[in-house]
Amino acid sequence: MGELRTSRRRLLGIGAGLGAVAAGGLALSAAWARRPAVTGEELRSEAELPQAFSLPLPIPPVLAPVESGAGGDRYEMVQREVEAEILPGYATRLWTYEGSFPGPTIEARRGRPVTVLHRNELTVPTVVHLHGGRTPAASDGYPTDLVLPQGWTGHHAHSMPDDRAVVTDVQREYGFPLDQRAAMLWYHDHRMDFTGPAIWRGLAGLHFVRDEVEDALDLPRSDRELPLMIADRAFDAEGQLAYPSLDPTLTGEHGVEEPFLAGVMGDVVLVNGAPWPIHEVDTGLYRLRILNASNARHYELEAVAEDGRTVPLVQIGSDQGLLAAPVRHERLPLAPAERYDVLIDFAGLPVGSTVRLANRLGSGGTAEVMAFRIAREGASAPIPETLADDLPEWDRSEAAVVRDLAFRAGRMEDGRHGWVVDGLPFDPARTDVTARFGEVEVWRLIADVHHPVHLHLVGFRVLSRGGRTPLPHDAGLKDTVSLRPGEAVEIITRFDGYRGRFLFHCHNAEHEDMGMMANLEIV
Amino acid sequence: MAGFLQPVFAGVYLSGDYDGLAWHVTGANLVSYIGIIQLGAAVAVWVRVRRAWPFWTSLALVLGATAQYFAGDVGALWLHFPLGVALIAGIAAVFAAVWRRPLPRRFKAVRAHG
């Protein structure tokens, strides 16, 4: 009996010890782990930052074509460094398209070709990719198709050889057939190894495609349609953009300092290049064309009126154009490179009040994005109940191939920490996926941490998320899908349009620069 | 056994094999069912031989496994990973305790399910 009692006591002791260790571990995890998961490390600005909602919202200028004819429109852009006042009282050096950040907007019509001559007057090679564009491979801005600046003597423009690269001196003409649905696309630098810092310095702009389907809907237009390019940045004490590059000249070793390997985030939220701007509206219906042009920061947008009430964001479109029917959101998640086309109705809100566009994933300054001031009464307009009827529908049964692709941490070629697709860092010379022209495929994308996965050339539908039905914001035709930690997403698409070498990659720009890209050869 | 296979399935899934996710879900269901059976057996042990600890440890494991299920379901990996490791440790400890201190003969068959 005594022996039993001792061993019972011992058992209880062991049980209590185990329980305490388990509880301690869980408590440690609960306290230490970031909930929700963060997608990078935040840089702290040293410059004096303006009060939120004190600066007006700039609207990027629309670029005029240098030539217009029956065959389309021709544009010219110069990539050059300028100084601009982003923070009041500071002159910030920027890399720009045509001297503005964001770059000038291109307005295009479906099926009317656009050519853009880009001239590189920066100090590093560049290459332009039209994100979301249905573009032939030669103009898709492959990361090694570099345009070298005048007098470039760099032996290695990037970390790996590529026999197929088409390198040009100083300028290059890109041709965009734009045979695609109306959508807000964006163009940005896509230089191998250095996309993150190039976008950070300002190389990004908007590109609209319009069509009859959109025209027929009578959606809010002109000053009631607001492009909002949201991007976070950080500024040093002199007001210059801070970015933790290993080589700040962006000519040598690529990559970022170790704490930022998961992604670089800033503590200042810019909308169209202005920190936490404010925009005057009336009590009518507005159309917001939202792009998350941040390198690594995710947002969860919520419009909040002064009385604390949530003003719904009614999603009418996705990355690749209009939805079939509107989807109402209280909160709208926004991963890097994703676009959302939303309607917001200010009807019933008092004149003189403000509506904040808050970021529920942020804290401190990054909890705010911008604000709208209700300046006057306006005419109300209904939200259409049905939208586009031209969305492609693909069925799982049509799929010729089902592929599993893992996006996770790994090592780059040089052994440094990086990010890999199916275990391999990007190599321009290796074909990772060969798809047959015209075939439907299902891709099952699997993530370790957050990875916004982008496919060039095609739009896709989201079939499932974590083995279940997609989330409300997965609706429509997309070109970037946000995988959450440990999550798998199934997408379906048809690889038509053009044959050739295209990319798919993570659009966390730091992941992308550290190996997380792969080649898609369409044959 | 089912519990110990769960990290295997999770590893297969995260290595890029989508089917690993379905296995991981099946494994989670199996662990839940076994947990409930074990809890029933533990109730029998408590009632028949007045030994309560198998019930309380089984209850703790079932509650932990339920939390684990939902943590995995909503993607709360900060909870899912450490709780999973703790549950495996708990299962191992209970297994060792049960087999080190055999119950009266007529209950052995029932307990073996756990």
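Just so it is clear, the structure is predicted and the values come from calculations on it, not from any experiment.

Quick look at the overall build of chain A now. Helix and strand counts for chain A come out as four helices and 36 strands. A compact globule built from 523 residues would reach a C-alpha radius of gyration of about 24 Å, and chain A, at 24 Å, matches this within 12%. Here the contacts in chain A between residues at least 6 apart in sequence split such that 77% fall between residues at least 24 apart. When the accessible area of chain A is evaluated, it comes to approximately 20100 Å², of which 51% is carbon and sulfur surface. Both charge centroids of chain A, one from 51 positive and one from 75 negative side chains, sit 6 Å from each other.

Here the focus is the interface of chain A and chain B. Tallying the contact residues gives 26 residues for chain A and 20 residues for chain B. Interface area, chain A with chain B, both sides summed: about 1900 Å², of which 65% is carbon and sulfur. The tally of links from chain A across to chain B stands at two salt bridges. Salt-bridge contacts for B:Asp19 lead to A:Arg444; the nearest nitrogen and oxygen are separated by 3.6 Å. For the pair chain A and chain B, the interface holds six residue pairs in polar contact (both at pLDDT 80 or more). When residues of the side of chain A that touches chain B are traced back to their parent elements, those giving at least two are helix H1 (2-32), strand E27 (401-411), strand E30 (440-447) and strand E34 (488-494) of chain A. Ranked by residues supplied to the side of chain A that touches chain B, first place goes to H1(A) with eight residues. The class makeup of the residues in the side of chain A that touches chain B is twelve nonpolar, six polar and eight charged.

Attention now goes to empty space enclosed by the protein. Residues and elements named next belong to chain A. One pass over the structure, following the stated rule, counts five cavities of 30 Å³ or more. What lines the largest cavity is a set of 14 residues, among which Asp193, Pro197, Gly255, Val256 and Asp513 lie closest to the centre. Partitioned by chemical class, the residues of the lining of the largest cavity number six nonpolar, three polar and five charged.

As a further point, take the sheet that holds strand E18 (residues 285-292) of chain A. Residue and element names in this part refer to chain A. Strand order in this open sheet of seven strands is E16-E15-E13-E18-E24-E21-E22, and the pairing throughout is mixed. Only two strands of the sheet have a single partner each, and these edge strands are strand E16 (274-275) and strand E22 (321-329). Bridge count between E18 and strand E24 (residues 339-345): seven bridges; the pairing is antiparallel. Note that in E24 the partner of Leu291 across the bridge is Arg339.

Turning next to the sheet that holds strand E35 (residues 500-506) of chain A. Residue and element names in this part refer to chain A. One open sheet holds the five strands; their spatial order is E29-E36-E35-E31-E33, and the pairing between them is mixed. If you trace the sheet from one side to the other, it starts and ends with strand E29 (433-435) and strand E33 (480-483), each paired once. Here the strands of the sheet are splayed against their neighbours by 25 degrees on average, with no regard to which way each runs. One ladder, built from six bridges, connects E35 with strand E36 (residues 517-522); its direction is antiparallel. Bridging across to E36, Arg501 finds its partner in Glu521.

What follows concerns the packing of helix H3 (residues 53-73) of chain B against helix H4 (residues 77-100) of chain B. Residue and element names in this part refer to chain B. Packing of H3 against H4 brings their axes to within 10 Å, and their N-to-C directions diverge by 155 degrees. Of the possible angle classes, the one that applies to H3 and H4 is roughly antiparallel. Crossing hand, H3 versus H4: left-handed. Together, Trp53, Thr57, Leu61, Gly64, Ala65, Ala67, Gln68, Ala71 and Gly72 of H3 and Leu79, His80, Leu83, Gly84, Leu87, Gly90, Ile91, Val94, Ala97 and Val98 of H4 make up the contact between the two elements.

Looking at soluble globular proteins, one finds that nonpolar side chains tend to be buried together. Within the largest apolar cluster, 80 residues are counted, with the highest numbers of intra-cluster contacts made by A:Leu301, A:Trp443 and A:Phe504. Grouped together as the second largest cluster of nonpolar side chains are 29 residues, A:Val127, A:Leu146, A:Val147 and A:Leu178 included.

Before going further, it helps to examine the UniProt feature "domain: Plastocyanin-like" (unreviewed entry) in chain A. The residues that UniProt annotates with the feature "domain: Plastocyanin-like" (unreviewed entry) are residues 83-212 and 417-520 of chain A. Taken end to end, residues 417-520 of chain A is 5% helix and 46% strand, and its first and last C-alpha atoms sit 24 Å apart.

Regular strands place their side chains on alternate faces of the sheet. Residues and elements named next belong to chain A. Across the eight residues that make up E30, a large majority, eight, are buried. Where E27 meets E30, seven bridges bridge the pair, whose relative direction is parallel. Within E30, the position partnered with Arg403 by the bridge is Trp443. Summarising the sheet, E30 and E34 pair through seven bridges and their orientation is antiparallel. Note that in E34 the partner of Glu441 across the bridge is Thr493.

A word on the pairing of strand E15 (residues 268-271) of chain A. All names here are of chain A. Here E15 shows a buried face lined by Val268 and Leu270 and a second buried face lined by Val269 and Val271. Pairing of E15 with E16 involves two bridges; the strand directions are antiparallel. Bridge pairing in E16 links Leu270 to Pro275.

Moving on to the domain arrangement of chain A. Many descriptions give the size of an interface as the accessible area lost when the pieces come together. All names here are of chain A. Looking at the assigned domains, one finds that chain A contains domain 1 (67-211), domain 2 (222-376) and domain 3 (396-522). Look at where the C-alpha atoms of domain 1 and domain 2 centre, and you get two points 22 Å apart. Listed by partner, the interface residues are 36 residues for domain 1 and 41 residues for domain 2. Between domain 1 and domain 2 the total buried area reaches about 3300 Å² when both faces are included, carbon and sulfur atoms providing 63% of it. The interface formed by domain 1 and domain 2 contains one salt bridge. A salt bridge links Glu225 to Arg210, with the shortest nitrogen-to-oxygen separation between them at 2.9 Å. The interface formed by domain 1 and domain 2 holds 15 residue pairs in polar contact (both at pLDDT 80 or more) in total. Mapped by element, the contributors of at least two residues to the side of domain 1 that touches domain 2 are strand E4 (92-97), strand E11 (183-189), helix H2 (195-200) and strand E12 (204-210). Broken down by element, the side of domain 1 that touches domain 2 gets its largest block of residues, five residues, from E12.

Conventions adopted
Per-chain numbering applies: the sequence of each chain, read as written, is numbered from 1 onward. Labels follow written order: the first chain is A, the first ligand is 1, and so on. Residues qualify for local features only when their pLDDT is at least 70, as the model is predicted, and side-chain atom pairs are given and counted only at 80 or more; totals for whole chains, interfaces and linings, by contrast, use all residues. Hydrogens and waters are ignored; side-chain quantities use all the structure's heavy atoms. Only DSSP runs of H or I with at least four residues qualify as helices, and only runs of E with at least two residues qualify as strands; both kinds are numbered from the N terminus onward. The globule rule used here is 2.2 Å times the number of residues to the 0.38 power, and the radius of gyration it is set against is calculated over C-alpha atoms. Every residue pair with non-hydrogen atoms within 4.5 Å of one another is taken to be in contact. Throughout, the Shrake-Rupley method with a 1.4 Å probe supplies accessible areas, and for residues the shown protein chains are the sole cover considered. In this tally, Lys and Arg are treated as positive and Asp and Glu as negative; His is ignored, and so are the chain termini. Every charge is mapped to an atom, namely NZ of Lys, CZ of Arg, CG of Asp or CD of Glu. Each of two parts loses accessible area, computed with a 1.4 Å probe, when they are put together; buried area is these two losses added. Note on definitions: salt bridges are taken to be side-chain nitrogens of Lys or Arg within 4 Å of carboxyl oxygens of Asp or Glu. We define a polar contact as two N or O atoms separated by no more than 3.5 Å, with the added condition that, inside protein, one atom must be a possible hydrogen donor and the other a possible acceptor, whereas residues neighbouring each other in sequence contribute only through side-chain atom pairs. Only Asp, Glu, Lys and Arg are considered charged in this grouping, and only Ala, Val, Leu, Ile, Met, Phe, Trp, Tyr, Cys and Pro are considered nonpolar; every other residue, Gly among them, is considered polar. A pocket, in this scheme, is an open set of points on a 1 Å grid over the protein atoms alone with protein on both sides within 12 Å along at least 5 of 7 lines, while a cavity is a set where a 1.4 Å probe fits but cannot get out; residues line either one if an atom lies within 4 Å of a point. Grid points are joined across faces, edges and corners, and a volume is the space filled by probe spheres set on the points. Strand pairing follows a simple DSSP-based rule, namely that at least 2 bridges must link the two strands. Angles run from 0 to 180 degrees between N-to-C directions of axes, and those axes are lines fitted to C-alpha atoms, restricted for helices to the stretch in contact. An angle counts as roughly parallel when it lies under 35 degrees, as roughly antiparallel when it exceeds 145, as roughly perpendicular when it falls between 65 and 115, and as oblique in every other case. Crossing handedness follows the turn of the near helix against the far one: under a right angle anticlockwise gives a left-handed crossing, and clockwise gives a right-handed one. Buried residues of nine kinds, namely Ala, Val, Leu, Ile, Met, Phe, Trp, Tyr and Cys, make up a nonpolar core once their side-chain atoms join them within 4.5 Å. Only protein chains enter the accessibility calculation, which uses a 1.4 Å probe. A residue is then buried if its area is under 20% of the maximum for its type, exposed if over 50%, and partly exposed in between. UniProt positions are given in the numbering used here, feature names are shortened, and annotations may be inferred rather than shown by experiment. Residue ranges assigned to each domain were obtained from an automatic or database domain assignment.

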